[in-house]
Amino acid sequence: MNLVQSLLILPGMMVSMVVGVVYSHDYGDALSKSILFFEGQRSGKLPPNQRMTWRKDSALQDGLQVDLTGGYYDAGDNVKFNFPMAFSTTMLAWSVLEFGKTMGSDQKHALDAIRWATDYFLKATSIPGYVFTQVGDPHSDHNCWERPEDMDTNRTPYSVSKQFPGSEVSAEIAAALAASSMAFRPSDAGYSARLLKRATMVFEFADKYKGSYNGSLGPWVCPFYCDFSGYEDELLWGAAWLFRATKATYYWNYVVNNIHDLEKYSIIKNVNGVSYTGGSFAEFGWDSKHAGINVLVSRIMENSPSSGPFVQNADKFVCSLLPDSPTKLVSYSPGGLLFKLGGSNLQHATALSFLLVVYSRYLKQTDRVIHCGDVIVNRYRLIQFARDQVDYILGSNPLNMSYMVGYGKNFPKRIHHRASSLPSIDKHPRHIDCKGGSSYFESNNPNPNLLTGAVVGGPDIKDSYADSRADFVHSEPTTYINAPFVGLLAYFKSNASP
Ligand SMILES: *[C@@H]1O[C@H](CO)[C@@H](O)[C@H](O)[C@H]1NC(C)=O
Ligand SMILES: *[C@@H]1O[C@H](CO)[C@@H](O)[C@H](O)[C@H]1NC(C)=O
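Along each chain, residues carry numbers from 1 onward, in the same order as the chain's sequence is written. Chain letters start at A and ligand numbers start at 1, both assigned in the order the entries are written. Reporting in this predicted model follows two pLDDT cut-offs: at least 70 for local features of residues, and 80 or more for side-chain atom pairs to be given and counted; totals over whole chains, interfaces and linings ignore these cut-offs and use all residues. Note that water and hydrogens are dropped before the side-chain values are worked out from all heavy atoms of the structure.

S.K.: I tried to follow the overall build of the protein on my own but got confused; where do I start?
M.R.: Along the backbone of the protein there are 18 helices and 9 strands. Against the globule reference of 23 Å for 498 residues, the protein gives a C-alpha radius of gyration of 22 Å, in line with a compact fold. Based on the C-alpha atoms only, the size of the protein along its principal axes is roughly 80 × 60 × 45 Å. When accessible area is computed with a 1.4 Å probe and restricted to protein chains, residues below 20% of their type maximum are described as buried, those above 50% as exposed, and intermediate ones as partly exposed. Taking all 498 residues of the protein together, 60% fall into the buried category. Long-range pairs, those at least 24 residues apart, make up 73% of the contacts in the protein with a sequence separation of at least 6. Surface exposure of the protein reaches about 19300 Å², of which carbon and sulfur atoms provide 56%. A run of DSSP states H or I qualifies as a helix once it reaches four residues; a run of E qualifies as a strand once it reaches two. Both are numbered from the N-terminal end. Computation of the radius of gyration draws on C-alpha atoms alone. For the globule rule, the value is 2.2 Å times the number of residues to the power 0.38. Contacts: residue pairs with any heavy atoms within 4.5 Å of one another. Areas reported as accessible are Shrake-Rupley estimates using a 1.4 Å probe. Residue values count occlusion only from the protein chains shown.

So, in structure tokens, the structure goes:
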């Protein structure tokens, strides 16, 4: 009897010990929080089911003659920058398309997060021949430390037109609308069709009137979300998403016929304007879509063998990342976090890891391995890489620090975020003006409002983190750090064991 009992207990103990090591993070909890973050970034009239209740209605007059209320504040400020907002929306939609089935009850919240942006983009593209690209004068906004609910800075709407084109921002909005139309197809066919119709119109405008919004809007988009890497990549990215959404040969031919446009960018600038000589295949973020195009097109081609440079370039991208690859182009901190030049580093860790997980699924379909020189890389290695980055962000790092607000025991307390750092309207209903917020900015106290789920720029390359509000390079959250993280967390929630 005793022997039987101990035999029964022993395997159970072994399992729980293994489980204790494997399930080091609660990916489901982190997933819920990563989506909740987007409620804290909402602009406009908040709905009755708003869960982040310390935020209130804001910017209800945006747009003057055209209604441009809604959408997202992109980071710790109160400007609506449509270029990065559209990229974040595309990545949220891609997250739902790849991993939505494993999100459980959070899939509904993820779709709400997408719709908050797409409703706004439908407004921003409602006048044929124009695309609104931004609301809010970034210079006056950045000069103030003010709650969005109190804003009294200039809410200038900016747009591009046939005469003053902006193909990067227009084509990225087209990509966002096309990807989102697929995300809504199973649950809301009417809305999905509206998004897709608008996506085709906006893409046509972006392609017919070619140019960068730098040209006409330079002083208001630079140095904030200046287009450093040209607009050709967004046109291809938009066409690839439209092909996936419509299956129309027109878009497939567009991608195949124009892909070589990207090759002229053997030296490009990365998202922070830092010159980057690694080759365009290695870059992916709100400005450069190159690696994303190759991975997305490789996935689309699933069964037809390669006819273009896509798979080859996607393989080169993988080899540009892995620490043991002889053609590695990125750096690593001693604790193992991926680094690229410029600020807001965790955007690279999340967006690049997302691509690797998606690409690993492609390798599974074709049962293929990648050769990085002598190093042979299989799909499990890509998943392992992405998991290491995700675990680092959630707290498996030398400081034992989670870089997601509200996740784990130790997380950033003084994030560079106006709404989070000023008292809520509930606690302090009286108006706080432009400079009235300075004492809160300078204070060493923790932020009074928890922006749950926000992932900040992250530690420096020595794995240190100052947790200082003034140090925006490290302490500011952005929508484009979180959006690909949503997909990664959904994947690891249902694939928690290696
Ligand atoms: C946009 O402006 C920046 C800064 O002036 C410049 O470095 C960049 O090359 C411009 N991009 C394009 C596509 O013209
Ligand atoms: C982090 O946690 C590990 C394991 O619990 C511990 O050994 C280490 O001292 C901790 N490091 C810091 C900086 O707290």
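Alright, that's what it looks like, and here's the rest.
S.K.: How do you make sense of the packing of helix α6 (residues 167-184) against helix α7 (residues 189-208) when you look at a structure like this?
M.R.: Helix packing geometry: the angle between the two helix axes and the distance between the axes. Interaxial angles span 0 to 180 degrees and are taken between N-to-C directions of axes, which are lines fitted to C-alpha atoms, for helices over the stretch in contact. Direction vectors running N to C along α6 and α7 enclose 160°, while the axes themselves pass 8 Å from each other. In terms of orientation, α6 and α7 fall into the roughly antiparallel class. Between α6 and α7 lies a crossing whose hand is left-handed. Residue-level contacts link S167, S170, A171, A174, L177, A178, S180, S181 and F184 of α6 to A189, Y191, S192, L195, L196, R198, A199, V202, F203, F205 and A206 of α7. Polar here means any residue outside two lists: the nonpolar Ala, Val, Leu, Ile, Met, Phe, Trp, Tyr, Cys and Pro, and the charged Asp, Glu, Lys and Arg; Gly therefore counts as polar. When the residues that make up the contact of α6 with α7 are grouped by side-chain class, the tally is 14 nonpolar, 5 polar and 1 charged. Angular relationships are summarised with four words: roughly parallel below 35 degrees, roughly antiparallel beyond 145, roughly perpendicular across 65 to 115, and oblique for the angles in between. Should the near helix be turned counterclockwise from the far one by less than a right angle, the crossing is left-handed, whereas a clockwise turn marks it as right-handed.

S.K.: Honestly, the packing of aromatic side chains in this entry has me stumped. Any pointers?
M.R.: Both the distance between ring centres and the angle between the ring planes are used here to describe each pair of aromatic rings. Aromatic pairs are defined between Phe, Tyr and Trp rings, using the six-membered ring for Trp, whenever the two ring centres lie within 6.5 Å; interplanar angles under 30 degrees are classed as stacked, those over 60 as edge-to-face, and all others as tilted. Scanning the model with the defined rule gives 32 aromatic pairs in all. With 5.6 Å between their ring centres and 35° between their planes, Y158 and W220 make a pair best called tilted. With Y158 in strand β3 (residues 157-161) and W220 in helix α8 (residues 213-221), this pair connects stretches of sequence that are 62 residues apart. Clustering of aromatic rings is evident, with ring pairs tying together Y27, F87, W94, F99, W237, W241, F284, F354, Y491 and F492. The ring of Y191 is capped by R115, whose NZ or CZ atom sits 4.2 Å from the centre of that ring. Counted as over-ring charges are cases with an Arg CZ or a Lys NZ within 6 Å of the ring centre that also lie within 35 degrees of the ring normal. Between the NZ or CZ atom of K413 and the centre of the ring of F411, over which it lies, the distance is 4.5 Å.

S.K.: Please clarify how the confidence of the model for the protein should be interpreted in this entry.
M.R.: Close inspection of predicted coordinates is inappropriate for parts of the model with low pLDDT. Scored from 0 to 100, pLDDT records how confident the predictor is in each individual residue. Averaged over the protein, the pLDDT score is 91; the fraction of residues at 70 or greater is 91%. Note on residues 1-23: pLDDT is under 50 here. Beyond four places in sequence and across chains, it has 4 contacts.

S.K.: Explain the nonpolar core here, please?
M.R.: Side chains of a nonpolar character, in soluble globular proteins, are inclined to be buried together. The term nonpolar core refers to a set of buried residues drawn from Ala, Val, Leu, Ile, Met, Phe, Trp, Tyr and Cys, joined through side-chain atoms within 4.5 Å. By size, the foremost hydrophobic cluster in this structure holds 150 residues, and its most contacted members are W94 and Y359. Not counting chain neighbours up to four residues away, the residues in contact with Y359 comprise V295, S298, V311, A314, D315, V318, R368, I370 and L382.

S.K.: Explain the site of ligand 1 here, please?
M.R.: Every one of the 7 residues lining ligand 1 counts as a neighbour, but S212, N214, C226, D227 and G230 are closest to it. N or O atoms within 3.5 Å of each other form a polar contact, as long as, within protein, one can give a hydrogen and the other can take it, and as long as residues adjacent in sequence are counted only when both atoms are side-chain atoms. Contact distances for ligand 1 include 2.3 Å between an oxygen atom and a side-chain N or O atom of N214. With respect to ligand 1, the backbone of D227 contributes an N or O atom lying 2.6 Å from a nitrogen atom. For ligand 1, whose accessible area on its own is 360 Å², the fraction buried by protein is 51%. Grouping the amino acids of the shell around ligand 1 by side-chain chemistry returns 2 nonpolar, 3 polar and 2 charged. Neighbouring residues are identified by heavy atoms, a residue being near a molecule or strand if any of them is within 4 Å of it.

S.K.: Honestly, the state of the cysteines in this entry has me stumped. Any pointers?
M.R.: One covalent bond between the sulfur atoms of two cysteine residues makes up a disulfide. Two cysteine sulfur atoms make up a disulfide if the distance between them is within 2.5 Å. In this structure the tally under the stated criterion is 3 disulfides. Each disulfide pairs two cysteine sulfurs, and for C144 the partner residue is C434, the sulfurs being separated by 2.2 Å. The chirality of the disulfide connecting C144 with C434 is left-handed, given an S-S dihedral of about -95°. With a gap of 290 residues between them, C144 in the loop between α5 (138-142) and β3 and C434 in the loop between α15 (418-421) and α16 (438-442) connect regions that are remote in the sequence. For the pair shown, C144 and C434 are each scored as buried. A sulfur-sulfur separation of 2.1 Å characterises the disulfide bridge that pairs C222 with C226. Measuring the twist about the S-S bond at about 70°, one finds the C222-C226 disulfide to be right-handed. Listing the disulfide partners of the protein by sequence rank of the bonded cysteines yields 1-6, 2-3, 4-5.

S.K.: Explain the packing of helix α4 (residues 106-124) against α6 here, please?
M.R.: Packing of α4 against α6 brings their axes to within 10 Å, and their N-to-C directions diverge by 135°. Taken together, the axes of α4 and α6 lie oblique to each other. The chirality of how α4 crosses α6 is left-handed. Mapping the contact onto sequence places L111, I114, R115, T118 and F121 in α4 and I173, L177, S180, A183 and F184 in α6. Here the residues of the contact of α4 with α6 sort into 7 nonpolar, 2 polar and 1 charged.

S.K.: How should I be thinking about the pairing of strand β2 (residues 130-135) in this particular structure?
M.R.: A regular strand places its side chains on the two faces of the sheet in alternate fashion. Counted residue by residue, β2 has 5 buried out of 6 residues, so it is predominantly covered. Pairing between strands is defined by DSSP: at least two bridges between them are needed. Note: strand β1 (residues 80-81) against β2, 2 bridges, orientation antiparallel. Its bridge partner lying in β2, K80 is registered against V135.

S.K.: Sorry if this is basic, but what is going on with α4 here?
M.R.: The periodicity of an α-helix, 3.6 residues per turn, causes residues three or four positions apart to be oriented the same way. With 19 residues, α4 ought to run about 27 Å at 1.5 Å a step, and its terminal C-alpha atoms sit 27 Å apart, in line with that. Of all the positions in α4, only D106, A110, L111, A113, I114, W116, A117, T118, Y120, F121, L122 and A124 are classed as buried. Any helix carries an expected span of 1.5 Å times its number of residues minus one.

S.K.: How should I be thinking about the sheet that holds β3 in this particular structure?
M.R.: Across a sheet, strands are paired by hydrogen bonds formed along the backbone, either parallel or antiparallel in direction. The strand order β1-β2-β3 describes an open sheet built from 3 strands, whose pairing is antiparallel. The sheet is open, and its two borders are formed by β1 and β3, each paired with just one other strand.

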